[in-house]
Structures are given as structure tokens and as C-alpha cells.
Amino acid sequence: MVRQGNIDNPPKTPLVPGFECSGIVEALGDSVKGFEIGDRVMAFVNYSAWAEVVCTPVEFVYKIPDDMSFSEAAAFPMNFVTAYMMLFEVANLREGMSVLVHSAGGGVGQAVAQLCSTIPNVTVFGTASSFKHEAIKDSVTHLFDRNADYVQEVKRISTDGVDIVLDCLCGENTGKGLSLLKPLGTYILYGSSNMVTGETKSFFSFAKSWWQVEKVNPIKLYEENKVIAGFSLLNLLFKQNRGGLIKGVMDKLLNLYNNKKIKPVVDSLWALEEVKEAMQRIHDRGNIGKLILDVEKAPTPLVRNSSKEDNEKLTSNQY
């Protein structure tokens with residue numbers, strides 16, 4: 001969404017993307033306490049995380065547990081804090097509730113499934129591309145094809161609907177999610193991946209998705225006892241100065257990790273030079289969990305189905 005400009009007030013180019021990273025402390029500000037050079041850390045960054053060296057305020061930095069790898073640490077903060085905040089701070093997840101999460105095979109979707117498993121008798125309905133089902137079928141209670149009529153499937157299993165809907169798609173899924181909510185249920189919009197289509201930003205595809213969004217009538221919310229909410233971790237951190245709140249959440253999450261209750265899902269590792277191919281994998285919804293850019297990884301040579309001469313030319317031109 002950053003690359004295509006589908007966000008409010010996108011930064012001017014040239015820019016280095018990326019909002020989270022992990023690594024080793026190389027230098028400290030004069031007033032920094034609690035960290036030493038050489039510490040293994042993970043951090044939130046307001047852009048510029050896709051780099052060999054990153055600078056960020058100390059309030060956004062956390063020590064990595066001894067048995068957590070750097071790739072796991074880079075996959076940990078955004079997904080798990082987002083999932084935890086939505087489930088427990090916004091929707092007040094409790095024993096016996098039910099949750100519908102879209103993109104169940106993605107990083108946040110997998111974090112949601114793991115956190116739901118820490119509460120007794122929580123039913124998780126998930127949607128995902130059919131080719132991901134085999135890999136993630138054990139992480140959710142009921143799994144549906146993202147292109148199927150999941151509303152009817154959910155209602156067939158739970159006639160009253162669900163207590164929580166977590167929507168990262170937007171578009172027509174907004175109305176569907178609201179229709180599935182039980183009384184006192186909570187719908188949370190935390191993304192709009194339906195706004196990202198094709199290779200480049202398309203005004204017409206964006207407009208189509210926007211006009212499919214259910215126009216919410218406040219009186220209807222009141223009559224049906226439903227809650228509609230939005231969540232943006234980046235705005236909470238970098239615009240609304242809630243770093244202290246996030247630190248408390250991270251402490252709880254790291255405790256869950258240390259007790260082997262949760263574990264970040266890493267899809268694949270890529271060299272910085274391979275960022276185009278890595279981004280295409282996300283764009284095609286091919287990933288299960290997080291893609292990691294590893295600054296120490298050597299690029300994998302590109303090979304395409306053409307002549308030997310073309311392959312040699314491609315390799316030398318690229319690398």
C-alpha cells in the first residue's frame with residue numbers, strides 16, 4: 001500500500017520502506033539507559049527499516065529473548081501487537097467467544113489464531129486462498145476459501161454469527177462482516193488489501209473497492225447492538241504517542257513467547273536485492289506468515305526459461 005500510494009499522506013520519494021526490524025545495537029544516544037552495545041534487539045521504525053543500519057527512539061526498542069532468532073524477531077512486533085490489541089484491548093476476547101479473521105494464512109492472521117488458542121474454547125473461522133489450506137488447517141477451527149460464500153458457511157455452523165470480525169480486506173467484506181456479528185459483537189477494520197490490485201495503483205480498482213464498502217448507518221448499529229471499530233498500530237505508535245501502551249503489550253507477548261504459547265511464522269528470507277521478488281510474493285498472496293529481508297543473505301541468482309545466453313546476461317546485469 002505504501003508502494004502504490006494507497007495510504008493517507010504517503011511520504012515523498014525517494015524513501016526507504018519498512019516499519020520493524022531486528023539486529024544488534026551498534027550505538028546509543030547519550031541519555032539511553034537499559035541497553036548496551038551488542039544487545040540483540042527488535043524495534044519499530046517510522047519508515048527506513050529496510051536498511052543495513054537503522055536509527056529509532058529507545059521507546060520503540062525491545063530486547064530479543066535468548067532462544068528467538070533474528071528472523072523470528074523481525075516477524076514478531078507488528079503482527080503480534082496488532083493481533084493482541086485488536087483481540088484483547090478493542091474486542092475484549094473472552095472464553096467461549098468466536099472470531100472471524102480474513103487472510104488467515106498471513107502474518108497477522110496466524111498471530112490471531114495463536115493468541116485465540118491461549119483462551120479456552122475460542123472458535124476461529126478463517127478465510128484464505130485454497131492453496132494455503134493444507135499448511136494452516138490446524139491453526140483455525142473452520143477454514144474457508146477466500147472466494148467462497150463464507151457468510152453462509154459461517155452461519156451454517158454458527159446460526160447467530162460471530163462475536164468478533166477482523167477485516168484486513170475492506171470493500172464488500174465490510175457489509176458481510178457486519179452482517180455476521182452477534183449482538184454486542186465487534187467488527188474491526190485494520191487494513192484494506194482489496195484496494196491493492198494489479199501491478200500499479202489503479203484509480204478505478206480503488207474506486208470500485210471503495211464503493212463496495214457498506215455505508216454504515218449509526219441508527220442501525222444502535223438497534224442491532226453492534227460495535228464497529230478501526231485499528232492502526234502505526235498511527236498509534238507514531239502519530240498518537242502510545243509507545244508506553246505498546247510496551248506493556250510487548251511485555252505480555254514476550255512472556256507468552258517464553259512460555260511457548262506463541263511463535264512467529266516466517267514464510268521466507270530474501271536478500272535486499274531481491275525486494276522486488278519478495279514484494280511480488282506478498283502482492284500475489286503467496287505467503288504464509290512473514291517475508292524477511294536479511295541484509296546478510298546473498299541474492300539467489302535469477303533463472304528464467306530462455307536461452308543460456310539470456311540467462312548469463314540476466315545474471316550479470318542483475319548482480
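From a predicted model like this one, the values you see are computed outputs, not experimental measurements.

Student: Quick question: what am I supposed to make of the sheet that holds strand β6 (residues 142-145) here?
Tutor: Paired through backbone hydrogen bonds, the strands of a sheet run either parallel or antiparallel to each other. The parallel open sheet is built from 6 strands, whose spatial order is β6-β5-β4-β7-β8-β9. Looking at strand neighbours, the two that pair on one side only are β6 and β9 (227-230), the edges of this open sheet. This sheet shows a mean twist of 15° between the axes of neighbouring strands, independent of strand direction. Direction of pairing for strand β4 (residues 98-101) relative to strand β5 (residues 123-128): parallel, over a ladder of 4 bridges.

Student: Is there a simple way to think about the packing of helix α5 (residues 150-157) against helix α6 (residues 173-180) in this case?
Tutor: Helix packing geometry: the angle between the two helix axes and the distance between the axes. Orientation of α5 relative to α6, taken along the N-to-C sense of each, is 10°, at an axis distance of 10 Å. It follows that α5 is roughly parallel to α6 by the angle criterion. Judged by residue contacts, Y150, V151, V154 and K155 of α5 engage N173, K176, S179 and L180 from α6. Residues of the contact of α5 with α6, tallied by class, amount to 4 nonpolar, 2 polar and 2 charged.

Student: Help me understand helix α3 (residues 107-116) in this model?
Tutor: Helical periodicity: at 3.6 residues per turn, an α-helix aligns residues three or four positions apart in one direction. A large share of α3 lies buried, amounting to 10 of its 10 residues. Listed in full, the buried residues belonging to α3 are G107, V108, G109, Q110, A111, V112, A113, Q114, L115 and C116. Buried residues along α3 sit in contact with α2 (77-90), β4, β5, α4 (133-136), β7 (162-167) and α10 (243-258).

Student: Whenever I open this one, the pattern of salt bridges confuses me. Can you help?
Tutor: Think of it this way: side chains of opposite charge can pair up when their charged atoms draw near. Enumeration according to the criterion identifies 10 salt bridges in this entry. Ionic pairing is found between D251 and K247, a salt bridge with its closest N-O pair at 3.4 Å. You can see D251 and its partner K247 sitting in helix α10, 4 residues apart, about one turn around the helix. Note that R281 is salt-bridged to D267, the shortest N-O span being 2.8 Å. Here the residue R281 occupies a position in helix α11 (residues 275-283), and D267 occupies one in strand β10 (residues 266-270), the gap between them amounting to 14 residues.

Student: Whenever I open this one, the side chain of E274 confuses me. Can you help?
Tutor: Mapped onto the fold, E274 is located in the loop between β10 and α11. Residue E274 is classed as buried on the basis of its relative accessible area, which comes to 5%. At 2.8 Å, the side chain of E274 and the backbone nitrogen of A271 are in polar contact.

Student: Is there a simple way to think about the pairing of strand β11 (residues 290-293) in this case?
Tutor: Here is the key point about a regular strand: its side chains alternate between the two faces of the sheet. Alignment of β10 against β11, held across 4 bridges, turns out to be parallel. Within β11, the residue paired with L269 across the bridge is I292.

Student: Hey, could you run me through the environment of R156 in this one?
Tutor: Note on placement: R156 falls in helix α5. When its relative accessible area of 58% is taken as the criterion, R156 is described as exposed. Within the structure, R156 has its side chain in polar contact with the side chain of E153 (distance 2.9 Å).

Student: Got a minute to help me understand the nonpolar core in this structure?
Tutor: Where a protein is soluble and globular, its nonpolar side chains tend to be buried together. Core analysis: the largest hydrophobic core is formed by 55 residues, its most contacted members being F44, F76, L166, I246 and L253. Those elements giving two or more residues to this core turn out to be β2 (40-44), α2, β4, α3, β5, β7, α9 (233-238) and α10. Counting residues per element, this core draws most heavily on α2, at 8 residues. If we ignore the near neighbours within four places in the chain, the residues touching L166 are M86, L87, V99, L100, V101, H102, V112, I188 and Y190. By size, the runner-up hydrophobic cluster in this structure holds 12 residues, among which are F125, Y150, V162 and Y187.

Criteria and thresholds
- Residues numbered from 1 in each chain as written.
- Predicted model: local features only at pLDDT ≥ 70, side-chain atom pairs only at ≥ 80, totals over all residues.
- Heavy atoms only, no water.
- Pairing = 2+ DSSP bridges.
- Helix = DSSP H or I, 4+ residues; strand = E, 2+ residues; numbered from the N terminus.
- Axes fitted to C-alpha atoms, helices over the stretch in contact; angles between N-to-C directions.
- Parallel < 35°, antiparallel > 145°, perpendicular 65-115°, else oblique.
- Contact = heavy atoms within 4.5 Å.
- Nonpolar A, V, L, I, M, F, W, Y, C, P; charged D, E, K, R; others polar.
- Buried < 20%, exposed > 50% of the residue type's maximum accessible area, 1.4 Å probe, protein only.
- Salt bridge = Lys/Arg side-chain N within 4 Å of Asp/Glu carboxyl O.
- Polar contact = N/O pair within 3.5 Å; in protein donor to acceptor, adjacent residues only side chain to side chain.
- Core = buried A, V, L, I, M, F, W, Y, C linked by side-chain atoms within 4.5 Å.

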